[in-house]
Amino acid sequence: MVQSGRLPSFRLGGNLLRLRLSDVEAVETDLPKRPPSWERLADFIYFNDFYLITLLVILLLLALILAL
């Protein structure tokens, strides 16, 4: 949002961005809202996708081993 110009900011020391609280709150109210349950589920999958895929691979390998 900063790069597209929707959220005004300025740089401190080249690396840090400084944002006004009022600007952040204004942009936050413009964002579409998702239901809280979907948001929690989407966040869980996003942050744990590696572990979920690993669990599926392990379960598939165990199923193959036990089927033999």
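Remember, it's a predicted structure, so these values are computed and weren't measured experimentally.

Caption draft 1: Geometry of the pattern of salt bridges. Throughout the structure, instances matching the rule amount to one salt bridge. Of the charged contacts, one joins aspartate 23 and arginine 20 as a salt bridge, the two residues approaching to 4.0 Å between their closest N and O atoms. Overall, aspartate 23 belongs to the buried group, its relative accessible area being 19%. Classification of arginine 20 by relative accessible area gives exposed; the value is 55%.

Caption draft 2: Molecular detail of the confidence of the model for the chain. Summarising the model, the chain shows a mean pLDDT of 87, and 97% of its residues fall at 70 or more. The spread of mean pLDDT over the elements of the chain runs between helix H1 (residues 21–30), the lowest at 84, and helix H2 (residues 36–67), the highest at 92.

Scoring rules and cut-offs
Residues numbered from 1 in each chain as written. Predicted model: local features only at pLDDT ≥ 70, side-chain atom pairs only at ≥ 80, totals over all residues. Heavy atoms only, no water. Salt bridge = Lys/Arg side-chain N within 4 Å of Asp/Glu carboxyl O. Buried < 20%, exposed > 50% of the residue type's maximum accessible area, 1.4 Å probe, protein only. pLDDT = per-residue confidence, 0-100. Helix = DSSP H or I, 4+ residues; strand = E, 2+ residues; numbered from the N terminus.

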